[in-house]
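# Inside the fold
What follows is the residue order along each chain.
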Amino acid sequence: MKGKAAPTAINFELGPEVEEAYQRLGTNLLVSPGQPATDHPKLLGVVAARHGEGATTTAGVFASILVRRRGGRVAVVEANFRTPSFATAFGVKPEPGLTEMIRGQATLAEAAQGTAVPKLFAVAAGQQTDAPAALFDCPGLPAAGRR
């Protein structure tokens, strides 16, 4: 059985082929036939079936492209409470993060940390908990998105 790869920092210096692939992904996700260009999603989830499949890298690189293409600010939020990797991937502190936001102990402004990409912010998973799945049943989860 293979061991889990250690998380590494995201390389935002993309080659032209990789940049083009992410540009196509963005176009497919954000531009729907028959929809006005301003009706793009405000929230997008990136998930993987197994550890190490690249969800963090995909979310980070895609978010950096959104910042460059669309302007404004983008926050990438880590909801991987079992094997968090944002501290390494984005070079941010592990907390406060989403856990503290759900518990009402931090606001988005307090948890969002700047990254190497201007106007791209990362919210780490936060303090490790013994029952990460219970956070998704917590009454503070819906409010965390409004903080």
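So, here's what we can say about the structure. Here the structure is a predicted model, which is why all the values come from computation and not from measurement.

## Topic: a nonpolar patch on the surface
Residues Leu25, Leu29, Leu44 and Val46 make up a contiguous nonpolar surface patch of about 280 Å² in total accessible area. With respect to the element layout, Leu25 can be found in helix 1 (residues 16-30).

## Let's talk about the side chain of Gln113
Inspection of the secondary structure puts Gln113 in strand 2 (residues 113-114). With a relative accessible area of 12%, Gln113 lands in the buried category. Side-chain polar atoms of Gln113 contact the backbone nitrogen of Lys93, separated by 2.8 Å. Setting aside anything within four residues of it in sequence, one finds Gln113 in contact with Val92, Lys93, Pro96, Leu120, Phe121 and Ala122.

## What about the pairing of strand 3 (residues 120-123)?
The side chains of a regular strand alternate between the sheet's two faces. With four bridges joining them, strand 1 (residues 74-77) and strand 3 adopt parallel strand pairing. Paired with Val74 across the strands is Leu120, a residue of strand 3. Looking at chain direction, strand 2 and strand 3 are connected through two bridges and run antiparallel. When the bridges of strand 3 are listed, Gly114 appears paired with Phe121.

## Some words on the environment of Gln128
In this fold, Gln128 is placed in the loop between strand 3 and helix 6 (132-135). Placed 33 residues apart in sequence, Gln128 and Glu95 show a C-alpha to C-alpha distance of 9.4 Å. Each residue touching Gln128, except ones within four places of it in the same chain, is listed here: Phe81, Arg82 and Pro84.

Calculation notes
- Residues numbered from 1 in each chain as written.
- Predicted model: local features only at pLDDT ≥ 70, side-chain atom pairs only at ≥ 80, totals over all residues.
- Heavy atoms only, no water.
- Patch = residues over 30% accessible without salt bridge, like charges linked within 9 Å, V, L, I, M, F, W, Y side chains within 5 Å.
- Areas by Shrake-Rupley, 256 points an atom, 1.4 Å probe, with all protein chains shown as cover.
- Salt bridge = Lys/Arg side-chain N within 4 Å of Asp/Glu carboxyl O.
- Helix = DSSP H or I, 4+ residues; strand = E, 2+ residues; numbered from the N terminus.
- Buried < 20%, exposed > 50% of the residue type's maximum accessible area, 1.4 Å probe, protein only.
- Polar contact = N/O pair within 3.5 Å; in protein donor to acceptor, adjacent residues only side chain to side chain.
- Contact = heavy atoms within 4.5 Å.
- Pairing = 2+ DSSP bridges.

Distances and angles like these do not, on their own, reveal function.
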